[in-house]
Structures are given as structure tokens and as C-alpha cells.
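Summary of structural features
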Amino acid sequence: MSMSTQHGGGNRKPSTKPVAGAKPKQGGDEDEVDVDAVEETDVEEAAPVSLGKPKASPRKSAPARKTAPAGKRPAAGRPAARKVAPVKVKQGAAWGPIILFSVVGLLALGIVGFAVWQVNENGLTVRERADRIDGIKDYYKINKAYTEERSHVWGQQKYDLSIANPPVAGNHNQNWQRCLGDVYTAPIATEHALHAMEHGSVWVTYRPDLPADQVEALAKKVRGKDYMMMSPYEGLDKPISLQAWGFQLKVDKASDGRIDEFIKALRQNASLEPGTPCSSGDIITETGTVPRDLGKDGTQQQPGTGG
């Protein structure tokens, strides 16, 4: 009886498909591969590179890798990804435009402020300007009747020096002292000086013992300026005294800034006869405290318009 030799795993031919990494037998069929010669290889190295679309693996997807909690060292193997902090870039302030706009703004404010000041300044009366000078005496307030004495008379006059010394108002001579920035080195007659003040002149007086440098400093404020005159004066209670019709200011030094303020506020502005000149007409250029009645007898009148 013959027995069947076909079994489930009987005469299966060995696979002729080449195995990756196997070496062919020497001298044998190149299609056969020695299975025993195949060495173990890394899975990643043995895996063939596929250029097409990969087929889905029958294996289940690997579970997602858990991230180690903060503060714990990750397990050995693949290193945990480092967190990169975002870089904050600070943008510097644009100082150029800021400074430019600031300067322009300040200039604009200055121009507006000056314009407002000019309007206010131009809107002030002569007395309001004068009264802002510290220490000034306004005889329109002190003794208004005194400021209204202004008749033209001949001869020497007697003035009440208890009211003002030197006088800043009162009857005066027909002839006025020339006040074309004249600096007189000797006393002049009050009667002629008051007439020049009536025309708008400022009369600067000083003690005869005032130091020479102080006298020269005063002279620079007077010399060559119309409606200004200067002379020494006996009996002053302060080293320097300035007079305009109805106003008086006394100071200790020629460097006192109020002198310039007085001149600016009252030169010509305190005039009772606006437009009448100081430099021509019935003028006196001589010094001395006794008035000269030029024109009284009709023979000594100087050419001019009178006043």
C-alpha cells in the first residue's frame, strides 16, 4: 500500500524572493538566497524606500506620546522640545518730531503772548503805565490841583518844595529850557525846566556830589535824545530824581532799571501840549537858577513859535 506524501507543510518550495541584506551563495543560482546567511538588521535600515503612496499599516496607530509635566525631567529617549520665549522688541520714541513740535508750540505761544501783551500795553493810559513803576509818585492822585497850575509868568517864582522837590508842576517862564538831549553841567532855572516838562520832556536831576561814573551813566540815557535834559540840583533827598509833568521818581543809583521804565513811560507822553517841540522856539540854553525873561521887553525875543 502506498502512502500519500502530501502534507500541509510537505514539499513547499523555498521562496525565491530575495531577502534584503542576504548575500547570494557562491557559485549557485543567483535567484536563491541562503536564509541562514541573513543577519539581523535595523528595522529602519531594512525598510525599503517607497516612492509611491504608502499603504495603510494593518497595525494600530501608536498611542500619542505624552508630554512630561512641567518641572519633571522627560523620560530617556527622544529629548523634549524646548520652549522658545517670544522676543519683545521695544521701539524707541521718535524724539525728533516731538522736539520739533514742542519748539514750534512754544514759539506759537510766545507770539500769541506777545501779541496779547502788546494789545494790553497799547490799551493802557499814560498814568496806568506810570503807576506800574515801583516807587513812583503820581501827583494827579496826591494833589490834582497842584498839577493844574501851569500859567506862563515872568520872573522868579516861589515853589512849595514840601509838595515836590524838584517841582513837577506850577507856573513857569515863557521861555523853556532846550531839551534836545541836553546834558547841563550846572544847575538850571526851575521856571525854564517846568516849561520844557509841559512840552513832554523828562528832567533828570542829581546831587552835585554824585560820583562821576554815575553821572556819566545817567548822561548816556539822556545825551542826544529829544525831550530829555539833565542837570545837577541842590538839596535832593536822594542821589537821583526824575521828573515829568505830574510824576516823580527818586532812586539811589544810575543802574536802577526803573529809570529806563520812567523814561519809556513818560517821555513825550506826559505832555500837556502834545506836538510842541523842545528843541526850537523860545528856548533857553544858558545855565543858572535865575530865569531869563527873553522877550519881556520886546527886544530879546528869540525866533520861535512860543508856547
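Refer to the preceding data block for the structure.
Here we summarise the structure given alongside this text. (Residues numbered from 1 in each chain as written. Predicted model: local features only at pLDDT ≥ 70, side-chain atom pairs only at ≥ 80, totals over all residues. Heavy atoms only, no water.)

Let's talk about the sheet that holds strand S8 (residues 240-244)
Keep this limit in mind: Being paired, for any two strands, means DSSP has found at least two bridges between them. Every helix listed is a DSSP run of H or I at least four residues long, and every strand listed is a run of E at least two residues long, numbered separately from the N terminus. Whether two residues are in contact is decided by their heavy atoms: any pair within 4.5 Å suffices. The convention used is that axes are lines fitted to C-alpha atoms, helices contributing only their stretch in contact, and that angles between N-to-C directions extend from 0 to 180 degrees.
As summarised here, the arrangement of the 6 strands in space is S1-S9-S8-S6-S7-S5, forming an open sheet in which the pairing is mixed. Strands at the two margins of the open sheet, each flanked by one partner only, are strand S1 (137-138) and strand S5 (180-183). Relative to strand S7 (residues 228-232), strand S6 (residues 202-206) is paired through 5 bridges, and the arrangement is parallel. Paired with Val-204 across the bridge in S7 is Met-230. Of the strands in this sheet, S5, S6, S7 and S8 touch helix H7 (residues 212-222), which is tilted by about 160 degrees from S7.

Thoughts on H7
In plain terms, the rule: Burial classes follow relative accessibility: with a 1.4 Å probe on protein chains only, a residue under 20% of its type's maximum area counts as buried, one over 50% as exposed, and anything between as partly exposed. This arc describes the spread of directions from the helix axis toward the C-beta atoms.
Those residues of H7 that sit buried are Gln-214, Val-215, Leu-218, Ala-219, Lys-221 and Val-222. Seen end-on, H7 carries its buried residues on one side only, within an arc spanning 155 degrees. For H7, exposure combined with an orientation more than 90 degrees from the buried face picks out Ala-212, Asp-213 and Lys-220. Where H7 is buried, its residues touch S5, S6, S7, S8 and helix H8 (258-266). Positive backbone phi, approximately 80 degrees, marks Gly-224, located one or two places after H7.

Concerning the nonpolar core
Defined as follows: Only buried residues count toward a nonpolar core, which is a set of Ala, Val, Leu, Ile, Met, Phe, Trp, Tyr and Cys residues joined through side-chain atoms within 4.5 Å.
The biggest cluster of nonpolar side chains holds 26 residues, and the ones touching the most others in it are Val-204, Leu-218, Met-230, Phe-262 and Leu-266. Contributing elements (two or more residues each) for this core: S6, H7, S7, S8, strand S9 (247-251) and H8. Other than its neighbours up to four places away in sequence, Leu-218 contacts Val-204, Tyr-206, Leu-210, Met-230, Ile-240, Ala-254 and Ile-259. Among the nonpolar cores identified, the runner-up in size contains 22 residues, and Tyr-139, Tyr-184, Ala-193 and Leu-194 belong to it.

Things to note about the pairing of S8
The element S8 is largely enclosed, with a buried count of 5 among its 5 residues. Every second residue of S8 is oriented toward a common face, with Ile-240, Leu-242 and Ala-244 on one face and Ser-241 and Gln-243 on the other, all of them buried. Pairing analysis gives 4 bridges linking S6 to S8, with the strands arranged antiparallel. Looking across to S8, one finds that Thr-205 is bridged to Ser-241.

With respect to the state of the cysteines
Two cysteines whose sulfur atoms are joined by a covalent bond form what is called a disulfide. What counts is decided by this rule: For the purposes of this analysis, a disulfide is any pair of cysteine sulfur atoms at a distance within 2.5 Å.
Inspection of the entire model under this criterion finds 1 disulfide. Disulfide pairing places Cys-179 opposite Cys-278 at an S-S distance of 1.6 Å. As the torsion about the S-S bond is roughly -120 degrees, the Cys-179-Cys-278 disulfide counts as left-handed. With Cys-179 in the loop between strand S4 (176-177) and S5 and Cys-278 in the loop between H8 and strand S10 (283-284), the pair connects residues that are 99 residues apart, well separated along the chain. Judged on exposure class, the residue Cys-179 and its partner Cys-278 are both buried.

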